[in-house]
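# Structural overview for review
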Amino acid sequence: MTRTAAGGGAQRTRPLPVATTMLFMVICASYFLVPLWWLLVASSKDRAALNDGDGLWFSNPILLWDNIKGALSYDNSIFVRWAFNSLIYSGVGAVLGTLFAAMAGYALAKYVFPGRNATFNVILGGVLVPATALALPLFLLFSKAGQADTMWAILLPSLVSPFGVYLARIFAASAVPDELLEAARIDGASEFRTFFTVAIRLMGPALVTIFLFQFVAIWNNFFLPLVMLQDTKLYPLTLGLHTWNSQVTHSPQLQLYVIVGSLLSIVPLVIAFLALQRFWRGGLAEGGVKA
Amino acid sequence: MATSVVPPQLAQAPPPEPTRRRRVRHKGAIVGFLGPFVALFILFYLTPIAYAVWQSFHKVEREGTFGKATEVFAGFSQYTRVLENGDFWASIGRVLVFFVASIPLQLGLALLFALLLDSPLVKGKSFFRLAFFAPYAVPGVIAAIMWGFIYSPQISPFPQVADNVDLLGPGLVMFAMVNVVNWVYTGYNMLIIYSALQAIPKDVIEAATIDGAGQVRIAWSVKIPAVAPALVLTGVFSIIGTLQLFNEPRVFQSISSAVGSNYTPNLMVDATSNIPDYYFAAAMSVVLALITCTLSFTFLKLTQKRAFG
């Protein structure tokens, strides 16, 4: 029997509270959705229509496609470069970051060794360290190594996800049975092979969760690139759009491109969340419950 | 008791020495699994922290105005500068006010939404869940830029409001930013709490229903205590997030004269590093990190007694 069936059958739901609640939910939903709707509508207008007319409805003609083309080609297609950079930073950072966090969390959950708890506590302490406190010393260290204005300076620090290790440890402890590992050992499988063929599958939902939230964290990253990068060609989308936005007073046509660019920058995350929601919601539950 | 040589529980238990001295099994695997993360953690977490702490105890001395710069030990002098800096404490005060204006409302609404989605009062749960969570897909900087347009009288879709209320003036700009932060994170926190609600065993809810408890009573006496750990988690992340507030005020700097370069501690660290005065900036970062850790720990200790009994 499902939860809703049990809840619905066990008590009457009177019409008045349902109507009031639904009204409240619809008002709140519009608060969350209207700004996104406005972004879509505004992206389809020219500058004149943007400044007057109904902000929440399309005006004729719908110029969404022309505006996208304009934003993508402006300044030698720098926007395309930013999007590519963001994909590299977030994609590579999240894939490798998740793998390393999964391996570390698995080791901390499944092996007994001296210093295990100390290691875990130091890593967990890393969750409490504000990411912004790291950006400046990282910049100075990368400068000393002559690597500050490079992709490495953004990529390498993004590979570390202490919260990912925490989630992976919780999940490995509950989802990977010790008996299974013993059985694999008796069959003669190496520890690494067992991890990559058996354990990693059982940890699936947690890994998707870690991947997604690491992807979002890197995609949203702003302070580190701001401190680290001089070369606009290496910027991620966030920093690039911020730069455009602060130039609007000098080049007014940028306003429209910032709006269209903002819309475009959201699309990959929306797709990722929708496509993977079946997995990450399970993983999120685990983290929230056990924390 | 203090003089007893062998504690009774140890005398009865099998001697622990052999197990402790037994060689660690799967040493290679442990090193292989932990190695990559630990190496990166040391390089890109511990080293910068150590470097910032080292810098905070140093300063630059020059021979003459344009002479060669040398780093010399400065004791606590950078920290004295931080402690005596009125702008720094004003910025800390501002983020604390920001926290009070933002987090109770944000987490309160997140909890309310989660409870409503978990109750039989709401139809179309998956639509509302996604609608409330959607803003989380918008990066903080982009959300700030977008709301900046919505607040500005020229292109706001709500000109009646934006024309008549100075949303970006000194009186309201903080709430304008609170709104941006809450818009992005309420749904995210809702989802964490909602996931915890889903994990409550169904028979507990059923038993409460059979005992005649209404929805409100069940929410108050069964569900909220059960999701307390999730609330604590979201609370800690909110403390850390608010104290290091940067993206939103940085974007609002360019559209509101009420947001100065010392508005939040992190804006001040950034401005100081642009002078550049890295040593002073490092000391500010260390103080900020210490305040953050102290507040999150205090919050954890205060709530753990309630949340975890």
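Relevant structure appears above.
Conventions used here
- Residues numbered from 1 in each chain as written.
- Chains lettered and ligands numbered in written order.
- Predicted model: local features only at pLDDT ≥ 70, side-chain atom pairs only at ≥ 80, totals over all residues.
- Heavy atoms only, no water.
- Phe/Tyr/Trp six-rings, centres within 6.5 Å; stacked < 30°, edge-to-face > 60°.
- Lys NZ or Arg CZ within 6 Å of the ring centre and 35° of its normal.
- Helix = DSSP H or I, 4+ residues; strand = E, 2+ residues; numbered from the N terminus.
- Expected span 1.5 Å × (residues − 1).
- Buried < 20%, exposed > 50% of the residue type's maximum accessible area, 1.4 Å probe, protein only.
- Contact = heavy atoms within 4.5 Å.
- Buried area = accessible area lost by both parts, 1.4 Å probe.

### Structural notes on the packing of aromatic side chains
Applying the stated rule across the entire model yields 51 aromatic pairs over all chains. Ring pairs connect the aromatic residues Phe-24, Tyr-31 and Phe-32 of chain A together with Phe-113, Phe-127, Phe-128, Phe-132, Trp-147, Tyr-151, Trp-183 and Phe-252 of chain B, which therefore count as one cluster. Here the guanidinium or amino end of Arg-94 of chain B rests over the ring plane of Tyr-263 of chain B, the centre of that ring lying 5.0 Å away.

### Comments concerning helix 7 (residues 140-151) of chain B
One turn of an α-helix holds 3.6 residues; hence residues three or four places apart share an orientation. All names here are of chain B. The terminal C-alpha atoms of helix 7, which comprises twelve residues, lie 16 Å apart, in line with the 16 Å expected from a rise of 1.5 Å per residue. Of all twelve residues in helix 7, twelve are buried, a share of seventy percent or more. Looking at helix 7, one finds that the buried residues are Gly-140, Val-141, Ile-142, Ala-143, Ala-144, Ile-145, Met-146, Trp-147, Gly-148, Phe-149, Ile-150 and Tyr-151.

### Quick notes on the side chain of Thr-186 of chain B
For Thr-186 of chain B, the position within the fold is in helix 9 (residues 173-198). Residue Thr-186 of chain B is classed as buried on the basis of its relative accessible area, which comes to 2%. Among all residues touching Thr-186 of chain B, those that are not within four sequence positions of it are Phe-32 of chain A together with Gln-106, Leu-109, Ala-110 and Phe-113 of chain B.

### Concerning the interface of chain B and chain A
Of the residues lining the interface, 100 residues belong to chain B; the matching set on chain A comes to 100 residues. Regarding the contact of chain B and chain A, the summed buried area is about 8800 Å², with carbon and sulfur atoms giving 79% of it. Counting the surface chain B buries against chain A, the share from its top three residues, Phe-33, Phe-37 and Phe-44 of chain B, is 9%. With 19 residues, helix 3 (residues 27-56) of chain B is the single largest residue contributor to the side of chain B that touches chain A.

### Observations regarding unusual backbone geometry
Cis rather than trans, the peptide bond between Ile-275 of chain B and Pro-276 of chain B has omega equal to 0°. Here Pro-276 of chain B is to be found in the loop between helix 14 (265-274) and helix 15 (278-307). One non-glycine residue, Asn-76 of chain A, lies in the positive phi region at around 55°. Its identity is not glycine, yet His-26 of chain B carries a phi of approximately 60°, on the positive side. Inspection of the secondary structure assignment puts His-26 of chain B in the loop between helix 2 (17-21) and helix 3. Owing to a relative accessible area of 23%, His-26 of chain B belongs among the partly exposed residues under this scheme.

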